[in-house]
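# Observations on the model geometry
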Amino acid sequence: MLRLLAALLVAPLVLQAQARPRKIFISVDMEGITGVVQPAQLGPGGFEYDKAREWMTAEVNAAIAGIREAGSAEIVVCDSHGNGQSVLIDKLPDDVRIVRGFPRPLEMMQGIDETFAAAVFIGYHGSEWTAGAVRGHTISSAKLLGIRLNGAEVSEGIYNAALAGQFGVPVAFVSGDRLAVAQLQQVAPSAEGAIVKEPYGYHSAMTVTPARGQAMIRDGLKRAMAKLGSLQPYRVRAPIELEVGFKLTIDAERAAFVPGLVRSDAHSVKGTFKDMTEITKLLQVVSSLEAP
Ligand SMILES: [Zn+2]
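Attention here is on the structure that accompanies the text. As the structure is a computational prediction, the values presented were derived from the model and not from experiment.

Taken together, the protein donors to the zinc ion comprise Asp 29 (OD), His 125 (NE2) and Glu 156 (OE), at separations of 1.9 to 2.2 Å. For the zinc ion, the donor residues sit on a single chain with the sequence spacing D-x95-H-x30-E. With Asp 29 in the loop between strand 1 (22–28) and helix 2 (49–69) and Glu 156 in helix 3 (residues 156–166), the pair connects residues that are 127 residues apart, well separated along the chain. Taking the relative accessible area as the measure of exposure, Glu 156 reaches 3% and is therefore buried.

Right, dumping it as structure tokens:
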């Protein structure tokens, strides 16, 4: 009797939980999009930027299609390249919400919270210290010479996995060149990947066609959604030691004026912070210093 009563009380709650769609967070960058190899595709005014925006948008749509083939899902798309306004938002499904524009506190992961079932990285690239990666850099190709968390050099993928991990959210999928995918899978070994380019160097790769890249992403997301329940978030041990390198020594000199940061060598500063949120806000400020 007691058990029956308990079942009656619990059943509606369980049904409600199942009826609520899963939430998936898509962070999209541009350097790892199929076909993208040079600045000519990466910003307003470049001869193929408009084309690259279409490829990028189509890859986001392919990801959404793959996610939804596996079941209904609420989706947030975080436009995370350049001016934060590269995705052609009128080409996305009506029920998707989009994060646009910079600055914003959580940068490439703005909008993430504990309610998401997984994070998905589309168009990601290798880190500053990944030799041979297409457009390999970390956060700012113009200003930064790499980022270390607890002593280990990280890519934007690893960094954003750690940010998602702070909220208990695992990374389910990554697309980009071979090196970008392999780098992320070092910390998220169960994440599915789509390798859309074989890199030859900073500005060259053997790429598949946009249509093929989109098909690979759609299939990859279908596989990723099938193992959602078994994915583990990537959690960085806290407090976190951040070390950030700057291309200009004068930027390291000025960053060391910030309380909590000290000079670790001519090009670098370091400090220890409580979590990835705090680090992400700080990094944006010290990576945007004006030339004196
Ligand atoms: Zn990037």
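Now that the structure has been shown, we can carry on.
Looking now at the packing of helix 3 against helix 7 (residues 276–286). Contact pair helix 3 / helix 7: the axes reach a minimum separation of 9 Å and the direction vectors enclose 135°. Viewed along their axes, helix 3 and helix 7 adopt a mutual orientation that is oblique. Where helix 3 abuts helix 7, its residues Tyr 159, Ala 162, Leu 163 and Gln 166 lie against Met 276, Thr 277, Ile 279, Thr 280 and Leu 283. Class assignment for the residues of the contact of helix 3 with helix 7 results in six nonpolar, three polar and no charged.

On to the packing of aromatic side chains. The description of an aromatic ring pair uses the distance of the two centres, along with the angle that the planes make with each other. Taken as a whole and judged by the stated rule, the model has two aromatic pairs. Summarising the aromatic geometry, the rings of Phe 25 and Phe 116 are spaced 5.5 Å apart at their centres and angled 85° between planes, so their arrangement reads as edge-to-face. Residue Phe 25 is found in strand 1, and its partner Phe 116 is found in the loop between strand 3 (97–99) and strand 4 (118–124); the two are separated by 91 residues along the sequence. Neither Phe 25 nor Phe 116 differs from the other in exposure class; each is buried. Taken together, a centroid distance of 4.5 Å and an interplanar angle of 5° make the contact between Phe 121 and Tyr 124 stacked. Just as Phe 121 is buried, Tyr 124 falls in that class too. We note Lys 23 situated over the ring of Phe 116; from NZ or CZ to the ring centre the distance is 4.6 Å.

Criteria and thresholds
- Counting restarts for each chain: residues are numbered from 1 in the order of the written sequence.
- Whole-chain, interface and lining totals are the exception, using all residues; otherwise, since this is a predicted model, local features are given only for residues with pLDDT of at least 70 and side-chain atom pairs are given and counted only at 80 or more.
- Neither water nor hydrogens contribute to the side-chain values; these are computed over all heavy atoms in the structure.
- Because water is not among the atoms used, a metal site may look incomplete, as its donors are only the N, O and S atoms within 2.8 Å, or 3.2 Å for Na, K and Ca.
- Only DSSP runs of H or I with at least four residues qualify as helices, and only runs of E with at least two residues qualify as strands; both kinds are numbered from the N terminus onward.
- Think of it in three bands: with a 1.4 Å probe and only protein chains considered, a residue is buried below 20% of the maximum accessible area for its type, exposed above 50%, and partly exposed in between.
- In this description, a line fitted to the C-alpha atoms serves as the axis of each element, helices being fitted only across the stretch in contact, and the angle between N-to-C directions of two axes falls anywhere from 0 to 180 degrees.
- An angle counts as roughly parallel when it lies under 35 degrees, as roughly antiparallel when it exceeds 145, as roughly perpendicular when it falls between 65 and 115, and as oblique in every other case.
- Whether two residues are in contact is decided by their heavy atoms, any of which lying within 4.5 Å being enough.
- We call Asp, Glu, Lys and Arg charged. Ala, Val, Leu, Ile, Met, Phe, Trp, Tyr, Cys and Pro are nonpolar, and the rest, Gly among them, are polar.
- Only Phe, Tyr and Trp rings take part, Trp by its six-membered ring, and two of them pair if their centres are within 6.5 Å. Stacked means planes under 30 degrees apart, edge-to-face means over 60, and tilted covers everything else.
- As a reminder, the over-ring test applies to NZ of lysine and CZ of arginine, requiring each to be within 6 Å of the ring centre and within 35 degrees of the ring normal.

Any link to function would need more than the numbers given here.
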